[in-house]
Amino acid sequence: STTSIGAFDKVLLDGPAVVAEPFVVTIAPAVEPDTGYDLRWPSQTGMTYTVLTSTDLATPVEAWTEVVTDLAQDSYNVPADGVSRFYVVKEVPSP
């Protein structure tokens, strides 16, 4: 059976209702022997992750620096170098 889950501009969207879990990134002190901090997120099979960084939140995310791409894991270690940094983790389908 299908459930109506919404309509947009006279187009009825039918199908099973899907509620996605929020994509939450946490940061914690690194586990030895690593130093700095560990970013962690809920990874999913068939997805890879890109970590981006910026020192300025006013910079559009599209202009942030890619730190690492194609990660198939649920964490990444970032430095504690005294510079305030902001991070974004993007989830994309595996290549």
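Everything that follows concerns the structure shown earlier in this document.
Residues numbered from 1 in each chain as written. Predicted model: local features only at pLDDT ≥ 70, side-chain atom pairs only at ≥ 80, totals over all residues. Heavy atoms only, no water.

1. Comments concerning the overall build of the protein chain
For clarity, the threshold we go by: Per the convention used, a helix needs a DSSP run of H or I reaching at least four residues, while a strand needs a run of E reaching at least two, with both numbered from the N terminus. Burial classification: accessible surface area is computed with a 1.4 Å probe over protein chains only, and a residue below 20% of its type maximum counts as buried, one above 50% as exposed, and the rest as partly exposed. Throughout, a contact is declared for two residues whenever any of their heavy atoms are within 4.5 Å. Each accessible area value is a Shrake-Rupley result obtained with a 1.4 Å probe; residue values ignore everything except the protein chains displayed when judging cover.
In terms of regular secondary structure, the protein chain is built from zero helices and eight strands. Going from N to C terminus, the protein chain has its helices and strands arranged as β-β-β-β-β-β-β-β. Counting the 95 residues in the protein chain, one finds 19% classified as buried. Expressed as a percentage of contacts within the protein chain between residues at least 6 apart in sequence, the contacts between residues at least 24 apart total 52%. For the protein chain, the exposed area adds up to about 7000 Å²; of that, 55% sits on carbon and sulfur atoms.

2. Some points on the nonpolar core
Soluble, globular proteins show a tendency: their nonpolar side chains are buried together. Keep this limit in mind: Joining through side-chain atoms within 4.5 Å is the link that ties buried Ala, Val, Leu, Ile, Met, Phe, Trp, Tyr and Cys residues into a set, and such a set is a nonpolar core.
In this structure, Leu39, Trp41, Tyr49, Val51, Val68, Leu71, Val78 and Val89 together form the largest nonpolar core, which totals eight residues. Of all the secondary structure elements, the ones that give two or more residues to this core are strand 5 (47–54) and strand 6 (65–71). Not counting the four nearest positions on each side in its chain, Trp41 is found in contact with Phe23, Val24, Val25, Tyr49, Val51, Leu71, Gln73, Asp74, Ser75, Tyr76 and Val89.

3. Quick word on the sheet that holds strand 8 (residues 86–93)
Convention followed: Two strands make a pair as long as DSSP finds a minimum of two bridges between them. The axes used here are C-alpha line fits, helices contributing only the stretch in contact, and every angle between their N-to-C directions lies in the interval 0 to 180 degrees.
Strand order in the open sheet made by the three strands is 6-5-8, with antiparallel pairing throughout. Strands at the two margins of the open sheet, each flanked by one partner only, are strand 6 and strand 8. Geometrically, the sheet is characterised by an average inter-axis angle of 15° between neighbouring strands, direction not taken into account. Of the strand pairs in this sheet, strand 5 and strand 8 are connected by eight bridges, and their pairing is antiparallel. Looking across to strand 8, one finds that Met47 is bridged to Pro93.

4. Quick notes on the sheet that holds strand 4 (residues 37–40)
Read across the sheet, three strands follow the order 3-4-7 without closing on themselves; strand pairing throughout is antiparallel. Only two strands of the sheet have a single partner each, and these edge strands are strand 3 (26–29) and strand 7 (75–78). Taking the axes of each pair of neighbouring strands and ignoring which way they run, one obtains an average angle of 25° across the sheet. The pairing of strand 4 with strand 7 spans four bridges and is antiparallel. Across the sheet, Leu39 pairs through a bridge with Tyr76, a residue of strand 7.

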